[in-house]
Amino acid sequence: MTMLSGGLERDTIAAIATPSGRGGVSIIRLSGPEAHSIANQIAEKSLQARTPTVSSFRDAKGDIVDEGLSLVFNGPASFTGEDVAELHGHGGVVVTQLLLQACLDRGARLARPGEFSERAFLNNKLDLTQAESLADLIDARTEQAARQASASLRGVFSSSVNALNEKFISLRVYVEAAIDFPEEDIDFLAEGKVSESLNALQNELSDIVEQAQRGAMMSRGARVVLTGAPNAGKSSLLNLLAKNNVAIVTDVPGTTRDVIRESITLAGIAIDLSDTAGIRDATDAIEQEGINRARTELADADVIVEVIDDSELPTAGQPLPPQNCPIIRVYNKIDLSNRPAGRLPESPATRVISEQDEAAPRSSIGIAISAASGKGIESLEHAIVESLGMDDSASATPFSARERHVDCLKKAHTLLNNATDRFIATGAGELLAEDLRDVHHTLSTITGEFGSDDLLGEIFSSFCIGK
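Residues numbered from 1 in each chain as written. Predicted model: local features only at pLDDT ≥ 70, side-chain atom pairs only at ≥ 80, totals over all residues. Heavy atoms only, no water.

1. Observations concerning the pattern of salt bridges
Overall, the coordinates contain 27 salt bridges when judged by the stated rule. Its salt-bridge partner being E132, residue R404 comes within 2.7 Å of it at the nearest N-O pair. Of this pair, R404 sits in helix α13 (residues 403-426) while E132 sits in helix α4 (residues 128-139), placing them 272 residues apart in sequence. Judged by relative accessible area, which is 17%, R404 ranks as buried. Among the residues examined, E132 registers a relative accessible area of 1% and is labelled buried. Sharing partners across several salt bridges, the network here consists of D11, E82, R109, R112, E115, E118 and R119. (Salt bridge = Lys/Arg side-chain N within 4 Å of Asp/Glu carboxyl O. Helix = DSSP H or I, 4+ residues; strand = E, 2+ residues; numbered from the N terminus. Buried < 20%, exposed > 50% of the residue type's maximum accessible area, 1.4 Å probe, protein only.)

2. So, the pairing of strand β10 (residues 303-309)
Summarising burial for β10: seven of the seven residues are buried, a large majority. Every second residue of β10 is oriented toward a common face, with V303, V305, V307 and D309 on one face and I304, E306 and I308 on the other, all of them buried. Across five bridges, the pairing between strand β7 (residues 222-228) and β10 is parallel. Along β10, the bridge assignment pairs L226 with V305. The pairing of β10 with strand β11 (residues 327-332) spans six bridges and is parallel. When the bridges of β11 are listed, D309 appears paired with N332. (Pairing = 2+ DSSP bridges.)

3. What to know about the sheet that holds strand β4 (residues 64-73)
Across the sheet, six strands lie side by side as β3-β4-β5-β2-β1-β6; this open sheet has mixed pairing. Every other strand in the sheet has two partners, leaving β3 (53-58) and β6 (109-110) as the edge strands with one partner each. Where β3 lies against β4, six bridges are found, and the strand directions are antiparallel. From the neighbouring strand, S56 faces β4, where its bridge partner is E67. Here helix α2 (residues 93-105) sits on the sheet and contacts β1 (13-16), β2 (23-31), β3, β4, β5 (84-91) and β6; the angle it forms with β1, its principal contact strand, is near 180 degrees. Each of β1, β2 and β6 is contacted by helix α3 (residues 115-122), which is oriented at about 135 degrees to β1, the strand it contacts most. (Contact = heavy atoms within 4.5 Å. Axes fitted to C-alpha atoms, helices over the stretch in contact; angles between N-to-C directions.)

4. Points about the sheet that holds strand β9 (residues 269-275)
Pairing in this open sheet of seven strands is mixed, and the strands run β8-β9-β7-β10-β11-β13-β12 from one edge to the other. Both edges of this open sheet fall to β8 (260-266) and β12 (342-343), since each of them pairs with a single strand only.

5. Notes on a nonpolar patch on the surface
On the surface, V93, V94 and L98 cluster together to form a nonpolar patch covering roughly 270 Å² of accessible area. Positionally, V93 belongs in helix α2. Overall, the relative accessible area of 48% leaves V93 in the partly exposed class. (Patch = residues over 30% accessible without salt bridge, like charges linked within 9 Å, V, L, I, M, F, W, Y side chains within 5 Å. Areas by Shrake-Rupley, 256 points an atom, 1.4 Å probe, with all protein chains shown as cover.)

6. Some points on the packing of α4 against helix α5 (residues 143-153)
At a minimum axis separation of 8 Å, α4 and α5 run at an interaxial angle of 155 degrees. It follows that α4 is roughly antiparallel to α5 by the angle criterion. Here the hand of the crossing between α4 and α5 comes out left-handed. In this structure, α4 uses Q130, S133, L134, D136 and L137 to contact α5, whose residues at the interface are A146, A149, S150, S152 and L153. The class makeup of the residues in the contact of α4 with α5 is five nonpolar, four polar and one charged. (Parallel < 35°, antiparallel > 145°, perpendicular 65-115°, else oblique. Left-handed = near helix turned anticlockwise from the far one by under 90°. Nonpolar A, V, L, I, M, F, W, Y, C, P; charged D, E, K, R; others polar.)

7. A look at the side chain of S444
Tracing the backbone shows S444 in helix α14 (residues 429-447). Judged by its relative accessible area of 0%, S444 falls in the buried class. Excluding its chain neighbours within four sequence positions, the residues that come into contact with S444 are N165, E449 and F450.

8. Looking at the packing of aromatic side chains
Enumeration over the complete set of coordinates arrives at three aromatic pairs. Taken together, a centroid distance of 6.2 Å and an interplanar angle of 40 degrees make the contact between F121 and F460 tilted. Residue F121 is found in helix α3, and its partner F460 is found in helix α15 (residues 453-460); the two are separated by 339 residues along the sequence. Between F157 and F399, the ring centres sit 4.4 Å apart and the planes meet at 10 degrees, which makes this aromatic pair stacked. Here the residue F157 occupies a position in helix α6 (residues 156-180), and F399 occupies one in the loop between α12 (377-387) and α13, the gap between them amounting to 242 residues. An identical accessibility class is assigned to F157 and F399; each is buried. Its end group placed over the ring of F116, R29 keeps NZ or CZ at 5.8 Å from the ring centre. (Phe/Tyr/Trp six-rings, centres within 6.5 Å; stacked < 30°, edge-to-face > 60°. Lys NZ or Arg CZ within 6 Å of the ring centre and 35° of its normal.)

9. Re the side chain of H440
With respect to the helices, strands and loops of the structure, H440 is situated in helix α14. Since its relative accessible area comes to 13%, H440 is described here as buried. Discounting chain neighbours no more than four positions away, the residues touching H440 are N165, I169, E449 and F450.

Here is the structure:
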């Protein structure tokens, strides 16, 4: 295959663009310099751009394999920016494969996963964030996640990043101008404008980091992990939240050995709920492995729900991972303890927190429930949404994002903080200009202005074939 500058290939690609299986319609998509020629040969017609045409589809031997609509688009006014053709046939597995083979027999090659979107990116039809949001839109698990992915596809996230980057560029230009063209009477770097601009940029970048974190959580699904002592009622609570008997519930401590996962939706948020083995000193090898897996789940949680048996005397809390992760302490079995259901004004004074909690303070909410009767469950659901930072509505998250974006934003924020501290300490404009360049470069990897071929390969390889 022949490569253009920037990694773009000259050859024509083809793939099935619709899900496999039986259906009303299946679509074969082609992109590249021979897309129109191949489509014309298969349809045995001279197809006109953006004009759906009914035609028979013939294989390389000239035999009719199907009948449907043919449609072609001239580049650059197409999704990929190249000449594109689509063959809309009947949605049978065999006939679709025959139609794809007809394209391959005439010189096209099978597209790699995500190659159509990759070509759209390389031809500047989409930036990298928009291309990723296209995959997120396809994989969206809730209506709200789909709306946010659609917003990113329209460029909402990219516009936020680009607008912020423009401010970094403007500040860098100002700093370099002050260095190159100093005035005798005024020190432009020391007059306060630079420090004010740096502080404003820190605040603005912090806001985008928070929005991106929520957007990434909405895209992948929030991770909520149930933990607690054996027989505290974790499995009963999982069944209650899932509205389904997905976990075995018995009076025997240590019944849950492996991590049990269930997907639920709260306030439009997709949540991956995990029920873990009760953490205790176990001698059974299988239970010990379950406890190890529970600790792994806790380390990756967005919210930890610690289930406590409220009918027993208070004991020391579970050893929890030291990351700054919100905790909801659920006091279960209030049908036995006679505690009123609902949110507690504060954690009971008799509750002994663990040493790790004292070492790494984190936000904590107390909820009293009965997993047996369902009392207090609405308060718990509200607390989960609140702990995720959504306030019962994902409207505060205007776009979808990925963990890659969050990592880039956090790195840029760290660079900016270091740059600010260095400038305050030294007043060196040359160092600040270079630091601002690094921040700009880091932010630009989000939209793909800067980035490696390895990064592009990793991103697009996760897409569907035909997309």
